[in-house]
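Spelled out from the first residue to the last, the chains are:
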Amino acid sequence: MDDETFPEEDIETIVKNAITCNVSDNMYNAKKVNDWINTIVDWCLKELQALNRPFKYVVTCVIMQKNGAGLDTGVSLFWDNNKDGVVCIPWENPTMHVILTVYGTGLNIDNPAELD
């Protein structure tokens, strides 16, 4: 895989590990949700940075109690389909739903200003 290609498989692995290592056996607890989200997002960002690929990443995480309520979300993106990408992983256990999304925008490594 070339370094400028969005590393979708690597990101899927990172996201799944972050979720399962941090919430897999836990019951939904509203008092712990913010901590879980912060831990999962930080984990993902550290692992994404360790890939050392020319991308800027945005990581979002939603954790909600599994109680029959609906959730609708939407996103609109304007990017280069050849360099940029998105991975969205839905996950659930008996008491909660987790939706973790990673957006990656390829950097122009010929333009050092984009690396800041």
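If you look the chain up in an unreviewed UniProt entry, it shows as Dynein light chain Tctex-type from Chrysophaeum taylorii.

*Asks:* So what exactly am I meant to see when it comes to the pattern of salt bridges here?
*Replies:* Where charged atoms from two side chains of opposite charge approach closely, those side chains can pair. The tally for this structure, following the rule as stated, stands at 1 salt bridge. Residue K66 is joined to E92 by a salt bridge in which the shortest nitrogen-to-oxygen separation is 2.7 Å. With K66 in the loop between β1 (55–65) and β2 (85–92) and E92 in strand β2, this pair connects stretches of sequence that are 26 residues apart.

*Asks:* Help me out: how do you make sense of the sheet that holds β1 in this one?
*Replies:* Either a parallel or an antiparallel arrangement is found when strands of a sheet pair, and the pairing is made through backbone hydrogen bonds. If you trace the 3 strands from one edge of the open sheet to the other, you get β1-β3-β2, paired in antiparallel fashion. Each end of this open sheet is capped by a strand with a single partner; those strands are β1 and β2. The sheet shows a mean angle of 10° between the axes of neighbouring strands, taken without regard to direction. Pairing of β2 with strand β3 (residues 96–106) involves 8 bridges; the strand directions are antiparallel. In the strand pairing of β3, C88 is matched with T101. Sheet contacts for helix α1 (residues 8–23): β1, β2 and β3; angle to β2, the most-contacted strand, approximately 30°. Docked against the sheet, helix α2 (residues 33–50) engages β1 and β3, running at close to 155° with respect to β1.

*Asks:* Looking at this structure, I do not really get the confidence of the model for the chain. What am I missing?
*Replies:* Atom-level detail of predicted coordinates should not be read off regions where pLDDT is low. Of the residues in the chain, 91% reach a pLDDT of 70 or more, and the chain-wide mean stands at 90. Summarising per-element confidence for the chain, the mean pLDDT is lowest in β2 (94) and highest in α2 (97).

The rules behind these values
- Residues numbered from 1 in each chain as written.
- Predicted model: local features only at pLDDT ≥ 70, side-chain atom pairs only at ≥ 80, totals over all residues.
- Heavy atoms only, no water.
- Salt bridge = Lys/Arg side-chain N within 4 Å of Asp/Glu carboxyl O.
- Helix = DSSP H or I, 4+ residues; strand = E, 2+ residues; numbered from the N terminus.
- Pairing = 2+ DSSP bridges.
- Axes fitted to C-alpha atoms, helices over the stretch in contact; angles between N-to-C directions.
- Contact = heavy atoms within 4.5 Å.
- pLDDT = per-residue confidence, 0-100.

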